[in-house]
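Examining the three-dimensional arrangement
So you can see what is in the structure, the chains are spelled out below.
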Amino acid sequence: MKKYYLHNGTENIGPLDLDELKAKAITKNTQVWCDGMEDWKNAGEVEELKSILSVVPPPIAKKTEIKQEPITSNKKTHWFWRIIRFLAILIIVFIAIIAFVDYMNEKNSSSSYEESIMTIAEIEAADPSLYLNATGTYKPTFLGDELKISGVIENKATVTNYKDVIVEVIFYSKTDSEIAREQYTIYDFFAPKTKKEFKLKVKNYSNVETIGWNVFNATVK
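Now for a description of the structure that goes with this document. As the structure is a computational prediction, the values presented were derived from the model and not from experiment.

So, on to the pattern of salt bridges. Throughout the structure, instances matching the rule amount to four salt bridges. A cluster of three or more residues bridged by salt bridges with shared partners is formed by Glu-168, Glu-178 and Arg-181.

In structure tokens form, the structure reads like this:
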């Protein structure tokens, strides 16, 4: 009868016969060796030992139980406050957008007004004769060699102040032919939308039947 050795992981035990091996409750994975074997084998690989092997039952698998938590009133309350916070943020953003739009509209309106004022001032400065009008009456002096003009200069400009207005006097014959032109400067200030009187004494040409005058130019104040 063969004698076997066991290996318990640290040392060899034996020799043991079949009854002694059975008493050791060896399993199919127990390492055994006997004379004639080239190397150690699992007891389950040796035909002679299969009848004495102890059967080890497999471990019991543990079932993982998943519990579903019921929806409680706390979770409902949590969602309620999340919705309230979301609505509050929307309201704040909406108010901020309205405030920004109002600010930009006000800024654009102010800029447009300033640009409009600048444009009007530039236009009125380009040609003062379009906004200054001279009217009045005239009569000859006692000797008749001069004419006395009593007139009014009106500044129709919206924003522009003028000064040193040049009045051009035109002399006409009885056939309405132009005899001469002369320019005279009225050294005064003329505010927008105002009227101011002026007086001139001009030379009276021979053969003059009538005279007329208008604003030729002026200086922007």
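Once you've had a look at it, read on.
In this section: the sheet that holds strand β6 (residues 146-155). Taken together, three strands build an open sheet; the order of strands is β5-β6-β9 and the sheet is antiparallel. Every interior strand has two partners, whereas the edge strands, β5 (132-140) and β9 (194-203), have only one. The average undirected angle you get between the axes of adjacent strands in this sheet is 20°.

A word on a positive patch on the surface. A cluster of basic side chains, namely Lys-139, Lys-148, Lys-199 and Lys-201, defines a positive patch on the protein surface. Its location among the elements puts Lys-139 in strand β5.

Turning next to a nonpolar patch on the surface. A contiguous nonpolar patch, built from Phe-80, Trp-81, Ile-83, Ile-84, Phe-86, Leu-87 and Leu-90 and spanning about 710 Å² of accessible area, is present on the exposed surface. Inspection of the secondary structure puts Leu-87 in helix α2 (residues 73-126).

Bringing the packing of aromatic side chains into the picture now. The tally for this structure, following the rule as stated, stands at four aromatic pairs. Pairing Tyr-5 with Trp-33 gives two aromatic rings, centres 6.1 Å apart and planes at 45°, and the pair type is tilted. Highlighted residues: Tyr-5 in strand β1 (residues 4-7) and Trp-33 in strand β3 (residues 31-34), separated in sequence by 28 residues. Its relative accessible area of 27% is what places Trp-33 among the partly exposed residues.

Rules used in this analysis
- Residues numbered from 1 in each chain as written.
- Predicted model: local features only at pLDDT ≥ 70, side-chain atom pairs only at ≥ 80, totals over all residues.
- Heavy atoms only, no water.
- Salt bridge = Lys/Arg side-chain N within 4 Å of Asp/Glu carboxyl O.
- Pairing = 2+ DSSP bridges.
- Helix = DSSP H or I, 4+ residues; strand = E, 2+ residues; numbered from the N terminus.
- Axes fitted to C-alpha atoms, helices over the stretch in contact; angles between N-to-C directions.
- Patch = residues over 30% accessible without salt bridge, like charges linked within 9 Å, V, L, I, M, F, W, Y side chains within 5 Å.
- Areas by Shrake-Rupley, 256 points an atom, 1.4 Å probe, with all protein chains shown as cover.
- Lys, Arg positive; Asp, Glu negative; His and termini not counted.
- Charge placed at Lys NZ, Arg CZ, Asp CG, Glu CD.
- Phe/Tyr/Trp six-rings, centres within 6.5 Å; stacked < 30°, edge-to-face > 60°.
- Buried < 20%, exposed > 50% of the residue type's maximum accessible area, 1.4 Å probe, protein only.

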